[in-house]
Amino acid sequence: MLPGRQWWTRLILLPKSVFSQTISIDSDRFVCISIAPVFAYLPQYDMLGVSAGILPGLDNCVLVFRNDKSRKLVHLWEKEQLEFGKDKDDQHTLSRVINKMANFRAGVLDQSWQMRYIPANG
């Protein structure tokens with residue numbers, strides 16, 4: 001793993017999830033309540049994330065995935081990131097891959113998921 005680039009491990013491990021729904025949360029986030037309610041949105045979307053401030057960009061601090069399209073997205077994201085450079089910011093490549101995928105539905109989570117401390121009301 002590259003120092004300061006823990007997201008690279010995420011690109012390798014997410015497609016290997018044996019679950020039909022997977023949530024990935026950065027290690028600098030604290031979960032203080034059940035995260036189960038977020039999965040209720042997945043029938044409407046292929047992936048959920050928090051806004052990176054530039055639409056349709058998603059910050060990868062919290063990502064929720066379902067189905068094979070999301071696994072395909074992560075594989076394409078990894079490939080794009082290798083071409084762009086492992087030491088570069090991965091949010092730009094995530095945005096590009098989402099835009100390239102036909103019929104891929106990405107949703108945006110409430111901004112409270114962007115916080116390092118996920119509050120009891122969020």
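> So what's going on with the pairing of strand β4 (residues 58–66)? Which residues, and what values?
Of all 9 residues that make up β4, 9 are buried, and the element is covered over most of its length. With 5 bridges joining them, strand β1 (residues 21–25) and β4 adopt antiparallel strand pairing. For Q21, the partnering residue across the bridge sits in β4 and is R66. As paired elements, strand β3 (residues 47–51) and β4 share 5 bridges and run antiparallel to each other. Across the sheet, residue M47 finds its bridge partner in β4, namely F65.

> Help me get a handle on the layout of surface pockets, residues and values and all.
Here the second largest pocket defines a volume of roughly 210 Å³. Taken together, 14 residues form the lining of the second largest pocket, with V38, Y41, L109, D110 and W113 sitting closest to its centre. Taken together, the residues of the lining of the second largest pocket break down into 10 nonpolar, 3 polar and 1 charged.

> Lay out the side chain of D46 in plain terms, naming residues and giving numbers.
Structurally, the position occupied by D46 is in the loop between β2 (30–31) and β3. Overall, the relative accessible area of 0% leaves D46 in the buried class. A polar contact of 3.3 Å, which involves the side chain of D46, links it to the side chain of K69. When near neighbours in sequence (up to four residues on either side) are disregarded, D46 contacts V64, F65, R66, N67, K69, S70, N103, F104 and R105.

> Residues and numbers for the side chain of E80, please.
One can find E80 in helix α2 (residues 67–84). Taking relative accessible area as the criterion, E80 reaches 12% and is therefore assigned buried. Beyond its immediate chain neighbours, meaning those up to four positions away, E80 contacts T93, R96, V97 and K100.

> Outline α2, supporting the account with residue identities and numerical values.
For α2, built from 18 residues, the straight-helix expectation of 26 Å at 1.5 Å per residue is met to within 8% by its first-to-last C-alpha distance of 26 Å. Taken together, the buried positions of α2 are occupied by S70, L73, V74, W77, E80 and Q81. Buried positions in α2, seen along its axis, are confined to an arc of 130° and lie on one side of it. Facing away from the buried side of α2 by more than 90 degrees, the exposed set consists of D68, K79 and E83.

> Report on unusual backbone geometry, specifying residues and quantitative values.
Residue N103 is not a glycine yet carries a positive backbone phi of 60°. Note that N103 resides in the loop between α3 (90–100) and β5 (106–108). Residue classification places N103 among the exposed positions, given a relative accessible area of 66%.

> Please set out the pattern of salt bridges residue by residue, giving values where relevant.
With the rule as written, the count across this model stands at 5 salt bridges. Of the charged contacts in the structure, one is a salt bridge between R66 and D46, with a shortest N-O distance of 3.4 Å. Of this pair, R66 sits in strand β4 while D46 is found in the loop between β2 and β3, placing the two residues 20 residues apart along the sequence. Of the two residues, R66 and D46, both sit in the buried class. A single salt-bridge network, built from bridges that share partners, covers D46, R66, K69 and R105.

What counts, and where the lines are drawn
Residues numbered from 1 in each chain as written. Predicted model: local features only at pLDDT ≥ 70, side-chain atom pairs only at ≥ 80, totals over all residues. Heavy atoms only, no water. Buried < 20%, exposed > 50% of the residue type's maximum accessible area, 1.4 Å probe, protein only. Helix = DSSP H or I, 4+ residues; strand = E, 2+ residues; numbered from the N terminus. Pairing = 2+ DSSP bridges. 1 Å grid on protein atoms, 1.4 Å probe; cavity = no way out; pocket = protein on both sides within 12 Å on 5 of 7 lines; lining within 4 Å. Points joined across faces, edges and corners; volume = space filled by probe spheres on them. Nonpolar A, V, L, I, M, F, W, Y, C, P; charged D, E, K, R; others polar. Polar contact = N/O pair within 3.5 Å; in protein donor to acceptor, adjacent residues only side chain to side chain. Contact = heavy atoms within 4.5 Å. Expected span 1.5 Å × (residues − 1). Arc of directions from axis to C-beta. Salt bridge = Lys/Arg side-chain N within 4 Å of Asp/Glu carboxyl O.

Don't take any of this as a statement about function, it's just geometry.
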